[in-house]
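Observations on chain architecture
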Amino acid sequence: MNASKPEVVSPDLGIVVVAAGASRRFGCEKLSLVVAGKTVLEHAVTCLRQAYPQAPLVVVVRREQLPSWQSRFPYAQVVAGGDFRQDSVRRGVEALKLPPQGLVVIHDGARPFVPVRDVQAVVAAAQEVGAAILVAPVADTLKEVDTQGQVVATVPRERLVRSLTPQAFRRSLLEEAWQGAEGRTWTDEAALLEALGHPVKTVPGDAGNLKVTYPEDVRLLRGLFPPSFRVGQGIDVHPFAPGRKLILAGVEIPWELGLAGHSDADVVLHAVTDALLGACGAGDIGEHFPPTDPRWAGVSSDVFVRFALKQAAQAGWELTHCDVTVLLEKPRLSPYRQAMVENLAALLGLTPSVVNVKATTTEGMGFVGRREGVVALAVVSLVGS
Ligand code: MG
């Protein structure tokens with residue numbers, strides 16, 4: 001820890017991340033949405049934890065979601081929230097069991113991006129005056145409108161700021177405010193303290209600290225995180241058999257033997273399918289297309305690749321590259337290599353320059369060397385979209 005910026009150590013400081021809202025304006029469960037490899041809520045919790053790794057931390061979630069979130073935050077207490085945000089905050093603060101002079105840092109679980117320096121700055125301000133919030137300037141001109149949508153007035157914005165989180169409060173002050181406000185509702189704890197006449201210090205924060213409220217916010221949010229990458233690998237083996245076609249990467253190769261298998265036995269497309277499924281954590285080809293299922297008998301293997309591409313797209317991944325190695329003793333693949341690349345590229349929706357197919361023998365060794373079968377290995381790269 002930097003000596004010039006001493007961390008307030010537990011038990012004097014505790015963190016509450018509030019995530020018990022119903023995501024009504026968003027339309028689906030926004031806190032579970034994955035951005036750059038983590039859910040929105042995991043990003044929010046991580047930001048606070050990075051600022052104070054040793055501080056006790058409580059995550060307040062909806063009761064029915066307790067089991068799923070508990071396993072994601074093994075270092076935190078995960079507790080059930082109440083009907084209103086203020087009830088959830090209170091449950092979180094009570095679970096922390098801080099001494100009266102302790103500082104509670106309250107953060108909204110739908111704010112997945114807050115710099116460590118902002119968290120520490122708001123804590124430093126609250127240590128001075130007992131209550132502090134992060135704020136950002138209002139950049140747009142503000143208009144007051146009537147119920148018909150007509151402009152009534154331009155609102156001067158010089159003295160207006162947007163209220164962000166985290167907000168930090170001395171615990172005794174919060175308790176006092178709660179006692180004085182029984183039966184009332186408030187949108188955040190700072191509003192409650194203001195209403196009771198207690199000074200609340202504002203601290204300028206990063207304008208990128210946005211609250212995920214509407215689906216379009218996710219697009220902005222994705223721009224705040226570095227792009228994420230995935231690599232998937234797949235391998236498949238099929239034995240040679242008489243009376244079968246030899247199909248590799250969708251290209252029929254004239255040869256005295258083909259490959260045995262339930263489908264068309266395209267070992268290359270099977271390896272590519274597994275690489276794609278692997279990259280997006282979606283299991284393997286055998287799980288989705290069991291060889292016991294008559295629907296896949298003799299089927300062209302591009303069906304499997306299309307399915308895997310769809311899985312990747314649904315998980316937010318876009319394929320950017322594919323590299324395949326085929327291990328076989330005979331026949332020589334070089335006359336068909338270009339056709340295989342072009343066919344695979346078209347199937348994957350990629351330009352041929354980012355698709356590669358190569359072949360090697362095993363110098364006569366092993367089952368490949370004995371011409372018993374073919375091995376295909378595939379590697380794919382994907383970027384998070
Ligand atoms: Mg196979």
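Scroll up to find the structure.
Residues numbered from 1 in each chain as written. Predicted model: local features only at pLDDT ≥ 70, side-chain atom pairs only at ≥ 80, totals over all residues. Heavy atoms only, no water.

Another aspect to go through is the environment of Q120. Checked against the element boundaries, Q120 lands in helix 4 (residues 116–129). Along the chain, Q120 and G283 lie 163 residues apart, while their C-alpha atoms are 42 Å from each other. (Helix = DSSP H or I, 4+ residues; strand = E, 2+ residues; numbered from the N terminus.)

Here we have 7 strands laid out as an open sheet, ordered 5-4-1-6-10-7-11, and mixed in their pairing. Of all the strands in the sheet, the pair left with one neighbour each is strand 5 (77–80) and strand 11 (201–204). Between one strand axis and the next, the sheet turns by 25° as a mean value, whatever way the strands run. Relative to strand 6 (residues 103–108), strand 1 (residues 13–19) runs parallel, the two being bridged by 6 bridges. Note on strand 6: the bridge partner recorded for I15 is V105. Strands strand 1, strand 4 (57–61), strand 5, strand 6 and strand 10 (161–170) of the sheet are contacted by helix 3 (residues 85–96), whose axis makes an angle of about 150° with strand 1. (Pairing = 2+ DSSP bridges. Axes fitted to C-alpha atoms, helices over the stretch in contact; angles between N-to-C directions. Contact = heavy atoms within 4.5 Å.)

Right, let's talk about helix 1 (residues 40–51) for a bit. Between its terminal C-alpha atoms helix 1 stretches 18 Å, which fits the 16 Å expected from 12 residues at 1.5 Å a residue. Burial of helix 1 is extensive: 9 of the 12 residues sit out of reach of the surface. Within helix 1, the full set of buried residues consists of V40, L41, E42, H43, A44, V45, C47, L48 and A51. (Expected span 1.5 Å × (residues − 1). Buried < 20%, exposed > 50% of the residue type's maximum accessible area, 1.4 Å probe, protein only.)

Here we take up the pattern of salt bridges. Using the criterion set out here, one finds 14 salt bridges in the structure. The partner of R72 in a salt bridge is E42, with the nearest N and O atoms 3.2 Å apart. Placement of the pair is R72 in the loop between helix 2 (66–70) and strand 5 and E42 in helix 1, with a sequence separation of 30 residues. A relative accessible area of 38% means that R72 is categorised as partly exposed. With relative accessibility at 14%, the residue E42 sits in the buried group. With its nearest N and O atoms 3.5 Å apart, the salt bridge here joins D206 to R117. Here D206, found in the loop between strand 11 and helix 7 (217–222), pairs with R117, found in helix 4; they are 89 residues apart in sequence, far enough to count as distant. In this structure, a network of salt bridges that share partners links the residues R117, D118 and D206. (Salt bridge = Lys/Arg side-chain N within 4 Å of Asp/Glu carboxyl O.)

Before going further, it helps to examine the packing of aromatic side chains. Aromatic ring pairs are defined here through the distance separating the ring centres and the angle between the ring planes. Under the defined criterion, the tally for this structure stands at 6 aromatic pairs. Ring geometry for F289 and F304: centres 4.5 Å apart, planes at 45°, overall tilted. Of the two residues, F289 sits in the loop between helix 9 (285–288) and helix 10 (302–314) while F304 sits in helix 10, which places them 15 residues apart along the sequence. Both residues of the pair, F289 and F304, count as buried. Three or more aromatic residues joined by ring pairs form one cluster here, namely F289, W296, F304 and F307. Lying over the aromatic face of Y75, R49 brings its terminal NZ or CZ to 3.6 Å of the ring centre. (Phe/Tyr/Trp six-rings, centres within 6.5 Å; stacked < 30°, edge-to-face > 60°. Lys NZ or Arg CZ within 6 Å of the ring centre and 35° of its normal.)

For the rest of this paragraph, the subject is the side chain of D188. Here D188 is to be found in the loop between helix 5 (171–180) and helix 6 (189–195). At 6.3 Å, R85 is the nearest oppositely charged side chain to D188, a buried residue that forms no salt bridge. Excluding residues within four positions of it along the chain, D188 makes contact with R85, S163 and Q167. (Lys, Arg positive; Asp, Glu negative; His and termini not counted.)

It is worth spelling out the coordination of the magnesium ion at this point. Tetrahedral metal sites with four donors have an ideal angle of 109.5 degrees; octahedral sites with six donors have ideal angles of 90 or 180 degrees. Each protein donor to the magnesium ion is listed here as D236 (OD), H238 (NE2) and H270 (ND1); together their distances run 2.1 to 2.2 Å. Each donor residue of the magnesium ion lies on the same chain, and together they follow the pattern D-x1-H-x31-H. In this pair, the class of D236 matches that of H238, namely buried. (Donors = N, O, S within 2.8 Å, 3.2 Å for Na, K, Ca; no water.)

To continue, consider the environment of L142. Topologically, L142 is positioned in strand 8 (residues 142–145). Sequence separation between L142 and P156 is 14 residues, and the spatial gap between their C-alpha atoms is 7.3 Å.

This next bit is on helix 10. Its 13 residues give helix 10 an end-to-end C-alpha distance of 18 Å, which sits within 8% of 18 Å, the value for a rise of 1.5 Å per residue. Considered for burial, the residues of helix 10 that qualify are F304, V305, A308 and A312. Looking straight down helix 10, one finds that the buried residues subtend no more than 100° of arc, so they occupy a single side. Facing away from the buried side of helix 10 by over 90 degrees, the exposed positions are K310 and Q314. Those residues of helix 10 that are buried are in contact with helix 8 (267–279), helix 9, strand 16 (317–327), helix 11 (337–348) and strand 18 (373–384). Looking one or two residues past helix 10, G316 carries a phi angle of roughly 85°, positive in sign. (Arc of directions from axis to C-beta.)

Attention now goes to the nonpolar core. Counting 44 residues, the largest nonpolar core has I15, L41, Y52, V59, V61 and F73 as the members making the most contacts within it. If one sorts the elements of this core by residue count, helix 1 sits on top with 6 residues. (Core = buried A, V, L, I, M, F, W, Y, C linked by side-chain atoms within 4.5 Å.)

Without other data, these values stay purely geometric and don't point to any function.
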